[in-house]
Amino acid sequence: MAILGALFLVMYITLNNMDVGLSVNWHSFRSKKYIFMEEKLNWFDAQTVCHAMESFLAHEMSADENSFLISILNSKYVFLKNGYNRSYGLLSELLHYKDFNIFLLLGKTAWIGGADIHQEGDWRWYSPLTEMKFTYWHSNQPNNGRTSNCMCYYKFSTTVYKWADEPCTSRFSFVCEK
Ligand SMILES: [Ca+2]
């Protein structure tokens, strides 16, 4: 019990001395740049925020671009800052903060720029409206008909990220691309 108490005390002191201060950055992959936004917005507001940053929700995705985004999603961590606030970062960035070793793995749903708003079942990249040449739907997705017209990365129980359809009014984190 004493050991457990000491462990909690060490954790408490560590948390209260953390000041990680990570900033959110664009991640480059070949000619594209991606940013992972932690704010939870509906699909339309997410697209508006991307536009304000001269970008779009991630779109026109190839197989390797999709793999890159999933690798980022799988390595996303939340750092605990001063015990209460959160600061987000990537596992690779953690290497720059060797003193900080307490973090939680995030399992996040994130909007990307696919939708079938214009015509049910005709999934395209928005916008501009572009044909979807590569797809990465989960085996039973899209499965929600007219209720769900927007696309996201969803972490399924098999612990893999795949594409899923969700109601556009749901509020999720999102990925912009420029
Ligand atoms: Ca639909």
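Draft legend 1. Up close: the pairing of strand E10 (residues 150–155). Taken together, the three bridges between strand E7 (residues 110–115) and E10 define a ladder with antiparallel strand orientation. Bridge assignment links Ala115 to a residue of E10, and that residue is Cys150. Two strands pair when backbone bridges link them, and E10 and strand E11 (residues 161–166) are joined in this way by six bridges, in the antiparallel orientation. Within the sheet, the bridge partner assigned to Cys150 lies in E11 and is Glu166.

Draft legend 2. Up close: helix H2 (residues 43–52). Listed as buried for H2 are Trp43, Ala46, Gln47 and Cys50. Viewed end-on, H2 has its buried residues packed into an arc of 100°, placing them on one side of the element. Residues of H2 that are exposed and angled more than 90 degrees away from the buried face: Thr48 and Ala52. Looking at the buried positions of H2, the neighbouring elements they touch are strand E2 (32–41), strand E3 (56–57), E7, E10 and strand E12 (172–177). Of the residues one or two after H2, Glu54 is the one with positive phi, at around 55°.

Draft legend 3. Quick peek at the environment of Thr130. Checked against the element boundaries, Thr130 lands in strand E9 (residues 130–131). Distance in space between the C-alpha atoms of Thr130 and His59 is 8.6 Å, their sequence separation being 71 residues. Look past the residues within four positions of Thr130 in its chain and what remains in contact with it is His59, Glu60, Arg124 and Trp125.

Draft legend 4. Seen up close, the pairing of E12. Where burial is concerned, most of E12 is hidden: six out of the six residues are buried. Alignment of E2 against E12, held across five bridges, turns out to be antiparallel. Paired with Tyr34 across the two strands is Glu177, which belongs to E12. In the sheet, E3 pairs with E12 via two bridges, with the strands oriented antiparallel. Directly across from Phe56, in E12, lies its bridge partner Glu177. As paired elements, E7 and E12 share two bridges and run parallel to each other.

About the criteria used
- Residues numbered from 1 in each chain as written.
- Predicted model: local features only at pLDDT ≥ 70, side-chain atom pairs only at ≥ 80, totals over all residues.
- Pairing = 2+ DSSP bridges.
- Helix = DSSP H or I, 4+ residues; strand = E, 2+ residues; numbered from the N terminus.
- Buried ≥ 20, exposed ≤ 12 C-beta atoms within 10 Å, placed from the backbone.
- Arc of directions from axis to C-beta.
- Contact = placed C-beta atoms within 7 Å.

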